[in-house]
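Chains, contacts and geometry: an overview
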Amino acid sequence: MKKYLFLSPAKLNLVLQVLSRREDGYHNLYTIFQKIDLFDEIEIKKGTLDFRLDFISDRGDIPLEENLVYKAYIKFKETFRINENHHIRVKKTIPIGAGLGGGSSNAATILKGLAYIYGIDREEPLLYSIAKSLGADVPFFLSPYVAAIGEGIGDVLIPYPSFQAWYLLICPNFEISTKWAYQNLGLTNSKNPVYYSTEVSPWRHPQGLINDFKALVFNKFPFLKELETKLKTFGCCAVSLSGTGPTIFGIFEKEPPFYVYETLKRTLKEVKVFLLQNLE
Ligand SMILES: C[C@](O)(CO)[C@H](O)COP(=O)(O)OP(=O)(O)OC[C@H]1O[C@@H](n2ccc(N)nc2=O)[C@H](O)[C@@H]1O
Ligand SMILES: Nc1ncnc2c1ncn2[C@@H]1O[C@H](COP(=O)(O)OP(=O)(O)OP(=O)(O)O)[C@@H](O)[C@H]1O
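Cut-offs applied
Residues numbered from 1 in each chain as written. Chains lettered and ligands numbered in written order. Predicted model: local features only at pLDDT ≥ 70, side-chain atom pairs only at ≥ 80, totals over all residues. Heavy atoms only, no water. UniProt positions renumbered as here; feature names shortened; annotations may be inferred. Axes fitted to C-alpha atoms, helices over the stretch in contact; angles between N-to-C directions. Helix = DSSP H or I, 4+ residues; strand = E, 2+ residues; numbered from the N terminus. Parallel < 35°, antiparallel > 145°, perpendicular 65-115°, else oblique. Left-handed = near helix turned anticlockwise from the far one by under 90°. Contact = heavy atoms within 4.5 Å. Nonpolar A, V, L, I, M, F, W, Y, C, P; charged D, E, K, R; others polar. Near = heavy atom within 4 Å. Polar contact = N/O pair within 3.5 Å; in protein donor to acceptor, adjacent residues only side chain to side chain. Areas by Shrake-Rupley, 256 points an atom, 1.4 Å probe, with all protein chains shown as cover. Pairing = 2+ DSSP bridges. 1 Å grid on protein atoms, 1.4 Å probe; cavity = no way out; pocket = protein on both sides within 12 Å on 5 of 7 lines; lining within 4 Å. Sits in = over half its atoms within 2 Å of the grid points. Expected span 1.5 Å × (residues − 1). Buried < 20%, exposed > 50% of the residue type's maximum accessible area, 1.4 Å probe, protein only.

Under an unreviewed UniProt entry, the name given to the protein chain is 4-diphosphocytidyl-2-C-methyl-D-erythritol kinase, and the source organism is Thermodesulfobacterium commune. The protein chain has a UniProt comment under Catalytic activity (unreviewed entry) that states "4-CDP-2-C-methyl-D-erythritol + ATP = 4-CDP-2-C-methyl-D-erythritol 2-phosphate + ADP + H(+)". If you open the UniProt record of the protein chain and go to Sequence similarities (unreviewed entry), you find "Belongs to the GHMP kinase family. IspE subfamily."

1. Some points on the packing of helix α2 (residues 102-117) against helix α3 (residues 125-134)
In the contact formed by α2 and α3, the axes pass within 10 Å of each other and the chain directions differ by 160 degrees. As the angle between them shows, α2 and α3 are arranged roughly antiparallel. Crossing handedness for the pair α2 and α3: right-handed. Note on element contacts: α3 touches α2 through Leu-127, Ile-130, Ala-131 and Leu-134, opposite Ala-107, Leu-111 and Ala-115. When the residues that make up the contact of α2 with α3 are grouped by side-chain class, the tally is seven nonpolar, no polar and no charged.

2. Overview of the site of ligand 1
The immediate surroundings of ligand 1 are formed by 16 residues, with Tyr-26, His-27, Ala-136, Asp-137 and Tyr-182 found nearest. Within the contact set of ligand 1, an oxygen atom lies 2.9 Å away from a backbone nitrogen or oxygen of Ala-136. A distance of 3.0 Å separates a nitrogen atom of ligand 1 from a polar atom in the backbone of Ile-153. Relative to its unbound accessible area of 630 Å², ligand 1 is 85% covered by the protein chains.

3. What about the sheet that holds strand β10 (residues 271-277)?
Pairing is antiparallel in the open sheet, where four strands are placed in the order β8-β9-β7-β10. Every other strand in the sheet has two partners, leaving β8 (238-241) and β10 as the edge strands with one partner each. On average, each strand axis in the sheet is tilted by 20 degrees relative to the strand beside it, whichever way the strands run. For strand β7 (residues 166-172) and strand β9 (residues 248-252), the ladder comprises five bridges, and the chain directions are antiparallel.

4. Comments concerning the site of ligand 2
What surrounds ligand 2 is a group of 23 residues, the closest being Gly-99, Gly-101, Gly-103, Asp-137 and Thr-178. Here an oxygen atom of ligand 2 and a backbone polar atom of Gly-99 are 2.9 Å apart. The separation between a nitrogen atom of ligand 2 and a polar side-chain atom of Asn-106 is 3.1 Å. Taking 610 Å² as the accessible area of ligand 2 by itself, protein coverage stands at 82%. Placement of ligand 2 is best described as lying within the largest pocket. If you list the elements that add at least two residues to the shell around ligand 2, you get α1 (68-79) and α2. The element that contributes the greatest number of residues to the shell around ligand 2 is α2, accounting for four residues.

5. Details of helix α7 (residues 222-233)
Its twelve residues give α7 an end-to-end C-alpha distance of 17 Å, which sits within 8% of 16 Å, the value for a rise of 1.5 Å per residue. Summarising the contacts, the buried residues of α7 are in contact with β7, α6 (214-220), β8, β9 and α8 (258-267). Gly-235 occupies a position one or two residues after α7 and carries a positive phi of about 80 degrees.

6. Topic: the UniProt feature "binding site: ATP" (unreviewed entry) in the protein chain
In the numbering used here, UniProt assigns the "binding site: ATP" (unreviewed entry) feature to Pro-95, Ile-96, Gly-97, Ala-98, Gly-99, Leu-100, Gly-101, Gly-102, Gly-103, Ser-104 and Ser-105. In the annotated group above, the largest pocket draws its lining from Pro-95, Ile-96, Gly-97, Ala-98, Gly-99, Leu-100, Gly-101, Gly-102, Gly-103 and Ser-104. Tracing the backbone shows Ala-98 in the loop between β4 (85-91) and α2. With relative accessibility at 4%, the residue Ala-98 sits in the buried group. In this structure Ala-98 touches Ser-242, Gly-245, Pro-246 and Thr-247, once residues within four positions along its chain are discounted. Relative to the elements of secondary structure, Gly-101 occurs in the loop between β4 and α2. The class for Gly-101 is buried, based on a relative accessible area of 14%. Ignoring sequence-local partners within four residues, the contact set of Gly-101 consists of Lys-11 and Phe-141.

This is the structure:
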């Protein structure tokens, strides 16, 4: 029985602008995605007698039918007519519902992993269609890009440079529903995006790191605004919210901020703190 191990990375939205509402209930975006070195582990055992999913997470289980790993697995098997069974083990490290795209990344890793195992080209358009049907963030994780501009619902990808940085993440231990955030944004008019050049990092851009969910989310959870203010006092060159939150990240360009990391870990309660880098 053959066993394969895959890493499923998290993302940050360095920039997230919501431009217009669409007929299908989704929104058109201009976002900058960045993959970072925080990973879930996914092990796939091929040719087992039955199917099994072991989901190891400190937040408890997710009902099988709702798990994006299972959804991706079933869609892959149906599309490519695979009859074999598998045992899948997912070890979560990426906090769930944190704005880090963990579920979307797991789905894309299952698609990429099974494509590898069954010799299907990673560029196969059917893989992209499955990815899009699973969620707006999944195509980015399926793509080979470590950083990309996402347009459309986030699925139209243009490669973007992966600028070197240290990312200090603070992840409060509650979830923010993405659906709730989009529904409560109250977007009435369409707008044009602020475009970011590839010449300088987005945090060196004159407009800084725009995230259109900040006002909504900070208003509902003032604790996040406090975290942002605290991070700024530690001398990072920019601070923002990832996705619809609740993760707040600070950027340090030159030295790894070990002291700040240790201080925040020691003094903040009910949060997880990570010191990470961009994938290259
Ligand atoms: C917040 C982000 O993570 C930023 O990258 C994404 O925009 C959300 O991506 P996702 O979690 O993969 O989103 P999905 O699972 O496809 O959609 C969850 C809900 O978010 C809303 N949604 C999502 C993406 C988008 N471009 N417009 C939306 O309005 C929809 O109400 C949808 O019902
Ligand atoms: N394998 C999975 N890992 C994490 N969450 C999953 C998974 N499968 C389903 N989910 C569900 O998806 C929801 C969003 O989880 P996820 O960790 O992807 O959130 P997120 O990082 O906020 O996503 P995004 O930034 O894409 O909006 C959770 O409420 C969770 O129950």
